[in-house]
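# Descriptive structure summary
Each chain is listed here by its residues.
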Amino acid sequence: RLRLGSIEPNLLKDEIIELVAGSKVIMPHFHIPLQSGSDEILSLMKRKYSTSLFKMRVEKIRKIIPYAFIGVDVIAGTNGETEQLFQESYNFINGLEISQLHAFTYSERSGTQALKIPWKVEVEDRKRRTQMYINLSEKKLRSFYEKHLGTEQTVLFEEQKKGEKMSGFTENYIKVETDFNEKMKNELKRVKLKSILPNGHVSVQLIA
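Before going into details, it helps to say that this report is about the structure given with it. This structure is a prediction, so every number in the text was calculated from the model and none was measured. (Residues numbered from 1 in each chain as written. Predicted model: local features only at pLDDT ≥ 70, side-chain atom pairs only at ≥ 80, totals over all residues. Heavy atoms only, no water.)

### Brief notes about the overall build of the protein
A count of helical and extended segments in the protein gives five helices and eight strands. Buried residues in the protein amount to 45% of all 208 residues. Contacts in the protein between residues far apart in sequence, at least 24 positions, make up 67% of those at least 6 positions apart. Working note: accessible area of the protein is about 11300 Å², and carbon and sulfur atoms make up 51% of it. Averaging the locations of the 33 positively and 27 negatively charged side chains of the protein gives two centres separated by 3 Å. (Helix = DSSP H or I, 4+ residues; strand = E, 2+ residues; numbered from the N terminus. Buried < 20%, exposed > 50% of the residue type's maximum accessible area, 1.4 Å probe, protein only. Contact = heavy atoms within 4.5 Å. Areas by Shrake-Rupley, 256 points an atom, 1.4 Å probe, with all protein chains shown as cover. Lys, Arg positive; Asp, Glu negative; His and termini not counted. Charge placed at Lys NZ, Arg CZ, Asp CG, Glu CD.)

Quick look at the structure:
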């Protein structure tokens with residue numbers, strides 16, 4: 001099983017998406033940095049892509065691999081991000097059919113171009129915006145999991161201590177959980193996704 005790492009949207013060509021769609025080795029799992037859903041902020045960051053390009057990439061994935069997991073990086077409170085631009089970013093991301101957000105709070109780093117951008121965001125506002133992204137991510141992830149309840153999936157179960165639960169991931173990166181079974185360690189098993197547990201994982205029924 002291979003999973004693609006972080007790929008900039010301008011480099012995520014149709015050929016790569018189609019390769020994943022037809023592969024039995026590369027999992028239907030994409031991690032795409034966005035950083036901001038505001039074109040003005042992307043320009044300040046000197047990113048080589050726009051929100052329209054990013055949306056096109058997501059729509060392409062959903063068209064040919066509708067069940068794919070799409071994780072997205074976003075930074076909250078970067079220099080120059082007014083409240084209006086943050087809301088623009090939040091609304092853009094909320095409208096995307098993605099699976100999860102990896103939200104980061106902006107922090108100053110010496111020698112970076114971002115330090116030259118005017119308008120500093122207060123630390124408390126950065127934290128608030130990050131939490132809003134985290135809340136959105138939890139909603140997106142649960143929605144993605146719910147869409148797949150009742151489906152049959154192949155899970156690679158990971159090794160864990162005896163007597164505890166064991167977990168693993170479906171091909172499209174849904175984390176599942178079941179009772180420990182020595183014979184299932186590091187093995188691929190067919191399962192049926194049953195329900196979302198309090199810890200956010202999905203309970204499964206093993207298929208003989």
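### Observations regarding the packing of aromatic side chains
Per the counting criterion, the structure on display carries six aromatic pairs. Ring centres of Phe69 and Phe144 lie 5.5 Å apart, and the angle between their planes is 90°; this geometry places the pair in the edge-to-face category. One end of the pair, Phe69, is in strand S2 (residues 69-76); the other, Phe144, is in helix H5 (residues 123-148), with 75 residues separating them in the sequence. Aromatic rings pair up to connect Phe69, Phe144, Phe169 and Tyr173 into one cluster. (Phe/Tyr/Trp six-rings, centres within 6.5 Å; stacked < 30°, edge-to-face > 60°.)

### Notes on helix H4 (residues 83-94)
Look at H4: 16 Å from first C-alpha to last across twelve residues, which is about the 16 Å you get at 1.5 Å a residue. Of all the residues in H4, the buried ones are Leu85, Phe86, Ser89, Tyr90, Phe92 and Ile93. Looking straight down H4, one finds its buried side chains confined to an arc of 165°; they lie on one side. Residues of H4 that are buried in the fold lie against strand S1 (29-35), helix H2 (39-44), helix H3 (51-64), S2, strand S3 (100-105) and H5. (Expected span 1.5 Å × (residues − 1). Arc of directions from axis to C-beta.)

### Here's the deal with the side chain of Ser99
Note that Ser99 resides in the loop between H4 and S3. Judged by relative accessible area, which is 0%, Ser99 ranks as buried. Side chain to side chain, Ser99 and Arg62 meet in a polar contact 3.5 Å long. Excluding anything up to four places from it in sequence, Ser99 contacts Arg62, Ala68, Phe69, Ile70, Ser137, Lys140, Leu141 and Phe144. (Polar contact = N/O pair within 3.5 Å; in protein donor to acceptor, adjacent residues only side chain to side chain.)

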